[in-house]
Amino acid sequence: MFYLPISNLFLMKFKAIVADIDGTITCEKRELHLEAVKKIRTLKLPFVLATGNILCYARTASRLIGLEGAVIAENGGAVAVRFDLQGTYEESMEECEKAYSFLSQYFNLTKLDPHYRKTEIALRRDFDLEKARSLLKTLNLDVEMVDTKYAIHIKSKKVNKGVGLKKLANMMGLKARDFVAIGDSANDVEMFEVSGFGIAVGNGDEIIKEAADYVTEATYGDGAIEAIEFLEEKGWI
Ligand SMILES: O=C(O)COP(=O)(O)O
Ligand SMILES: [Mg+2]
């Protein structure tokens, strides 16, 4: 007779956590949520940051929180495993620039951190996204636009935080499935899909709540604390 040992049925242990930054470990006005930072500092397992923001922002956040420098930035386009190692970048900017030039004919677009951003383009959220998306459809480019609630990103369809997580997990000798992912918006969906368990914070948008295995009641950094406490209570970390 085939049966699974009881220990396998009940033992669900994750080896690391990956958390989004903006909207997840911040407060409503985007400052770092200090209680969430305190909670993160008590953890014994690797804690990775994954952001749509640029690599130096992610590295700085990691340093100031007291982490090891394992980060996913530019929505998966840039990945670094430790402070003393260079980041790796996807070759995905060319298509994004074509989309940007095309859309600039219709909108007055403002790039965010263009000198530091190497794999995608982030724009100020002051134009009609739906209109831009339908205009972009008329071109045959392998790019898409994602709204994080902090910026609108023009990014390659091949690059996302899920792809970044797989790459980083591999560098750490882990699988993406070994991670619990915590996030708040559309750019966290793929990271939820490849991770072992996805937790959306209460302020998350509908798309991420639908992709989540669990949604916290609390919002922003309080939601991240609730997520970690939930995992601890379950004995999953
Ligand atoms: O940079 C953004 O647009 C949002 O960043 P996040 O992925 O950390 O929420
Ligand atoms: Mg976010």
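Given the structure is predicted, the values throughout are model-derived calculations rather than measurements.

Cut-offs and rules
Each chain carries its own residue numbering, running from 1 in the direction its sequence is written. Written order determines the labels here, with chains lettered from A and ligands numbered from 1. Predicted model: local features are reported for residues with pLDDT of at least 70 only, side-chain atom pairs are reported and counted for 80 or more only, and whole-chain, interface and lining totals are derived from all residues. Side-chain figures throughout are based on the complete set of non-hydrogen atoms in the structure, without hydrogens or water. Each domain's extent was defined by an automatic or database domain assignment. By definition, residues are in contact when any of their heavy atoms lie within 4.5 Å. Accessible area that two parts lose when put together, with a 1.4 Å probe and added across both, is what the buried area reports. Note on definitions: salt bridges are taken to be side-chain nitrogens of Lys or Arg within 4 Å of carboxyl oxygens of Asp or Glu. Polar contact is defined as a pair of N or O atoms within 3.5 Å, subject to the rule that within protein one atom must be able to donate a hydrogen and the other to accept it, and that residues adjacent in sequence are counted only when both atoms are side-chain atoms. Residues are grouped as follows: Ala, Val, Leu, Ile, Met, Phe, Trp, Tyr, Cys and Pro are nonpolar; Asp, Glu, Lys and Arg are charged; all remaining types, including Gly, are polar. With axes taken as lines fitted to C-alpha atoms, and helix axes fitted only over the stretch in contact, angles between N-to-C directions fall between 0 and 180 degrees. Helix and strand assignments come from DSSP, with helices taken as H or I runs of at least 4 residues and strands as E runs of at least 2, each series counted from the N terminus. Definitions for this section: a left-handed crossing has its near helix turned counterclockwise from the far helix by less than a right angle. A right-handed crossing has that turn clockwise. UniProt positions are given in the numbering used here, feature names are shortened, and annotations may be inferred rather than shown by experiment. Classification of residues uses two cut-offs on accessible area relative to the type maximum, computed with a 1.4 Å probe and protein chains only: under 20% is buried, over 50% is exposed, and between them is partly exposed. Picture the helix axis, draw a direction to every C-beta atom, and the arc is the one those directions span. We call a set of buried residues a nonpolar core when its members are Ala, Val, Leu, Ile, Met, Phe, Trp, Tyr or Cys and they connect through side-chain atoms within 4.5 Å of each other.

Chemist: Please give an account of the domain arrangement of the chain that cites residues and values.
Modeler: Each domain of the chain was delimited in the assignment, giving domain 1 (13-89 + 160-234) and domain 2 (93-156). The centre of domain 1, based on its C-alpha atoms, is set 24 Å off from the matching centre of domain 2. Residue-level contacts link 22 residues of domain 1 with 13 residues of domain 2. A combined buried area of about 1300 Å² lies between domain 1 and domain 2, and 55% of that area is made up of carbon and sulfur atoms. Counting the contacts that link domain 1 with domain 2 gives one salt bridge. Across the salt bridge formed by Lys149 and Asp184, the nearest N and O atoms sit 3.3 Å from each other. Our count for the contact surface shared by domain 1 and domain 2 stands at eight residue pairs in polar contact (both at pLDDT 80 or more). Taken together, the residues that form the side of domain 1 that touches domain 2 break down as six nonpolar, 11 polar and five charged.

Chemist: Describe the packing of helix α4 (residues 93-104) against helix α5 (residues 129-137), listing the residues and the values that go with them.
Modeler: Look at α4 against α5: their axes get within 10 Å of each other, and the N-to-C directions meet at 115°. Once α4 is placed against α5, the crossing between them reads as right-handed. Side by side, α4 and α5 meet where Ala99, Phe102 and Leu103 of the first sit next to Ala132, Leu135 and Leu136 of the second. Looking at the contact of α4 with α5 residue by residue, the classes come out as six nonpolar, no polar and no charged.

Chemist: Give a description of the UniProt feature "active site" (unreviewed entry) in the chain that names residues and reports values.
Modeler: In this structure's numbering, the residues bearing the UniProt feature "active site" (unreviewed entry) are Asp20. As for its position among the elements, Asp20 is in strand β1 (residues 16-20). When residues no more than four places from it in sequence are discounted, the contact partners of Asp20 are Ile25, Ala50, Lys161, Ile182, Gly183, Asp184, Asp188 and Met191. Polar contacts involving the side chain of Asp20 include one to the side chain of Lys161, which spans 2.8 Å.

Chemist: Break down helix α3 (residues 55-65) for me, citing the residues and quoting the values.
Modeler: Count 3.6 residues to each turn of an α-helix, and residues three or four apart come out pointing the same way. Every buried residue of α3 is listed here: Leu55, Ala58, Arg59, Ala61, Ser62 and Ile65. Looking down the long axis of α3, one finds its buried residues gathered within 160° of arc, a one-sided arrangement. In this structure, α3 carries Arg63 and Leu64 as exposed residues pointing more than 90 degrees from its buried face. Turning to α3, the residues buried within the fold contact α2 (34-41), β2 (47-50), β3 (71-73), β4 (78-80) and β5 (88-89).

Chemist: Outline the nonpolar core, supporting the account with residue identities and numerical values.
Modeler: By size, the foremost hydrophobic cluster in this structure holds 31 residues, and its most contacted members are Ile17, Ile25, Phe47, Leu49, Ile182 and Ile199. Top contributing element to this core by residue count: helix α9 (residues 220-234), with five residues. Beyond its immediate stretch of four places on either side in the chain, Ile17 contacts Leu43, Leu45, Pro46, Phe47, Val48, Phe179, Val180, Ile182, Leu231 and Ile237.

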